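Reading the structure
Residues per chain, in single letters:
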Amino acid sequence: MNNIISIFIVLILFLICLTISILQLSCKGPLLNNAFLFASKRERENMNKKPHYRQTGIVFLFLSAIFLCLLINIIFKIKIFDYVIWCLILCTILYALVSSIKLYK
């Protein structure tokens, strides 16, 4: 029973992240990026939003891959997915940091 609840929660998180990723990569929906959210109204109007949409979309794509691997790990109990998940988490963090630095140069 506990396993079914975990599967359901991780599946929902996977679908949410995948949906947000698709919307962000197609430049639709609200822009879920700190640079945009913390910018003043004037800066938002003049801001090129496409790179921010792309960055957010890729990060959410990484997150959906993490949740998918976690889902597979919960269902099939394959130990290699533990390492894959940690590698994906590390890649997500590195991408977020590097792309933020490149975005502001």
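1. With respect to the nonpolar core
Taken as a class, soluble globular proteins show a tendency for nonpolar side chains to be buried jointly. Within the largest apolar cluster, seven residues are counted, these being Val10, Phe14, Cys17, Phe60, Phe67, Leu71 and Ile74. At the level of elements, α1 (2–25) and α4 (50–76) are the ones that each hand at least two residues to this core. Here this core takes four residues from α4, the largest share from any one element. Dropping the residues within four chain positions of it, Val10 is found in contact with Phe67, Leu70, Leu71 and Ile74. The next biggest cluster of nonpolar side chains, apart from the first, holds five residues, and it includes Ile66, Cys69, Phe81 and Leu88.

2. Brief notes about α4
With 27 residues, α4 ought to run about 39 Å at 1.5 Å a step, and its terminal C-alpha atoms sit 38 Å apart, in line with that. Positive backbone phi, approximately 55 degrees, marks Lys77, located one or two places after α4.

3. Describing the environment of Gln24
Tracing the chain through its elements places Gln24 in helix α1. Judged by relative accessible area, which is 2%, Gln24 ranks as buried. With 33 residues separating them in the primary sequence, Gln24 and Gly57 have C-alpha atoms 4.7 Å apart. Residue contacts for Gln24: discarding those within four places in its chain leaves Pro30, Leu31, Leu32, Tyr53, Arg54, Thr56 and Gly57. Of note is the side chain of Gln24, whose polar atom sits 2.7 Å from the backbone oxygen of Pro30.

Conventions we followed
- Residues numbered from 1 in each chain as written.
- Predicted model: local features only at pLDDT ≥ 70, side-chain atom pairs only at ≥ 80, totals over all residues.
- Heavy atoms only, no water.
- Core = buried A, V, L, I, M, F, W, Y, C linked by side-chain atoms within 4.5 Å.
- Buried < 20%, exposed > 50% of the residue type's maximum accessible area, 1.4 Å probe, protein only.
- Helix = DSSP H or I, 4+ residues; strand = E, 2+ residues; numbered from the N terminus.
- Contact = heavy atoms within 4.5 Å.
- Expected span 1.5 Å × (residues − 1).
- Polar contact = N/O pair within 3.5 Å; in protein donor to acceptor, adjacent residues only side chain to side chain.

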